[in-house]
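Residues per chain, in single letters:
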Amino acid sequence: MKNFIPRIFIFLAVTLALTGFRSDSVTRSEDQIHWLTIEEAFEKVKKEPKKVMIDLYTDWCGWCKVMDRETFKNKAVVAYVNAKYYAVKLDAEQRKTIVLGDKKFEFLPQGAKGINQIALALTNNQPSFPTTVFLDDQFNMIQPLAGYLKPKEFHEVITFFGEDFYKKEDFENYKAKTYKEKYRTK
């Protein structure tokens, strides 16, 4: 019996170490945006309509990486995006042909790299990275928004489109009044 108790403690210690007992080392799915491919989002919208948010990026884009690291890891942003949108991560230089219904988007070689036609379509032929594109629940364009946004700024934007405030008021009025009232910010 004497040897049994220390073995239990050793067993528990090893089990806790292997399962990641520390809560900060556990990555829960609600701590991350649930990214989809654009094809997956297209199919989901047909079955269960919901707005779409597309992160249009490139591998070489420094601000895209900052947005991934800061904005897309912010708890309020993650929770809101997962609740209100189908989130798509889309490499603008993807070489694979993208098929959405009867539309085909192919890679166009240009210089050392190139661009996929869908990136041009989503940015109104004015590609800039990062660009966040918002689509309605029928996969129709609401608006592309070029450039890096800090988490608070991004939260203002996703709530503006996510709750259809863009149909009722301009963004500046929304930020100054409605957003502050709704989210109790200074």
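Residues numbered from 1 in each chain as written. Predicted model: local features only at pLDDT ≥ 70, side-chain atom pairs only at ≥ 80, totals over all residues. Heavy atoms only, no water.

Chemist: How should the environment of Gln138 be read in this particular structure?
Modeler: Note that Gln138 resides in the loop between β8 (131–135) and β9 (141–146). Residue class for Gln138 comes out exposed when judged on its relative accessible area of 52%. C-alpha of Gln138 to C-alpha of Val45: the two residues are 93 residues apart in sequence and 6.7 Å apart in space. Apart from the residues lying within four places of it in its own chain, the contact partners of Gln138 are Val45 and Pro49. (Helix = DSSP H or I, 4+ residues; strand = E, 2+ residues; numbered from the N terminus. Buried < 20%, exposed > 50% of the residue type's maximum accessible area, 1.4 Å probe, protein only. Contact = heavy atoms within 4.5 Å.)

Chemist: Please clarify how the sheet that holds β8 should be interpreted in this entry.
Modeler: Pairing within the open sheet is mixed, and its five strands lie in the order β1-β3-β2-β8-β9. Of all strands in the sheet, those bounded by a partner on one side alone are β1 (35–36) and β9. By the bridge criterion, five bridges tie strand β2 (residues 51–57) to β8 in an arrangement that is antiparallel. Considered in β8, the bridge of Ile54 is made with Val133. (Pairing = 2+ DSSP bridges.)

Chemist: Help me understand the pairing of β8, please; the structure alone is not making it clear to me.
Modeler: Among the five residues in β8, five count as buried, and that is most of the element. In β8, alternate side chains face the same way, and those of Thr131, Val133 and Leu135 on one face and Thr132 and Phe134 on the other are all buried. Judged from the five bridges that link them, β8 and β9 form a sheet pairing that is antiparallel. Residue pairing across strands places Leu135 opposite Met141, the latter belonging to β9. The antiparallel hairpin formed by β8 and β9 contains five residues in its connecting segment, where Phe139 sits at a positive phi of about 70 degrees.

Chemist: Please clarify how the side chain of Thr123 should be interpreted in this entry.
Modeler: Tracing the sequence through the fold places Thr123 in the loop between α5 (117–122) and β8. With relative accessibility at 5%, the residue Thr123 sits in the buried group. If we skip the residues at most four places from it in the chain, Thr123 touches Leu56 and Thr131.

Chemist: Looking at this structure, I do not really get the pattern of salt bridges. What am I missing?
Modeler: A side chain of one charge can pair with a side chain of the opposite charge if their charged atoms are brought near each other. A full pass over the atoms with the stated rule returns nine salt bridges. For the salt bridge of Asp68 with Lys89, the shortest nitrogen-to-oxygen distance reads 2.7 Å. Pair noted here: Asp68 is in helix α3 (residues 62–69) and Lys89 is in strand β3 (residues 85–91), with a separation of 21 residues, a long-range link. Looking at Asp68, the relative accessible area reads 28%, which means it is partly exposed. (Salt bridge = Lys/Arg side-chain N within 4 Å of Asp/Glu carboxyl O.)

Chemist: Would you take a moment to explain the state of the cysteines for this structure?
Modeler: Covalent bonding between the sulfur atoms of two cysteines defines a disulfide. Under the counting rule described, the total for this entry stands at one disulfide. Note that Cys61 is cross-linked by a disulfide to Cys64, the S-S spacing being 2.4 Å. Judged by the sign of its S-S torsion, about 90 degrees, the bond between Cys61 and Cys64 is right-handed. Of the two residues, Cys61 and Cys64, both sit in the buried class. (Disulfide = S-S within 2.5 Å.)

Chemist: Before we go on, may I ask you to explain the packing of aromatic side chains in this structure?
Modeler: Aromatic rings in a pair are described by how distant their centres are and how their planes are angled relative to each other. For the structure shown, the criterion picks out 16 aromatic pairs. Relative to Phe139, the ring of Phe42 has its centre 5.1 Å away and its plane inclined at 85 degrees; by these criteria the two rings are edge-to-face. With Phe42 in helix α2 (residues 38–47) and Phe139 in the loop between β8 and β9, this pair connects stretches of sequence that are 97 residues apart. Judged by its relative accessible area of 16%, Phe42 falls in the buried class. In this structure Phe139 comes out as buried when scored by relative accessible area, which is 16%. Here the aromatic rings of Phe165 and Tyr174 are separated by 4.9 Å at their centres, their planes lie at 35 degrees, and the arrangement is tilted. Accessibility classification places Phe165 together with Tyr174 in one group, the buried group. Grouping aromatic residues by their ring pairs yields a cluster made of Tyr80, Tyr85, Phe134, Phe160, Phe161, Phe165, Tyr166, Phe171, Tyr174, Tyr179 and Tyr183. Note that Lys89 overlies the ring of Tyr57, its terminal NZ or CZ placed 5.1 Å from the centroid. In this arrangement the basic side chain of Lys168 is found over the ring face of Phe165, its NZ or CZ atom lying 4.8 Å from the centre. (Phe/Tyr/Trp six-rings, centres within 6.5 Å; stacked < 30°, edge-to-face > 60°. Lys NZ or Arg CZ within 6 Å of the ring centre and 35° of its normal.)

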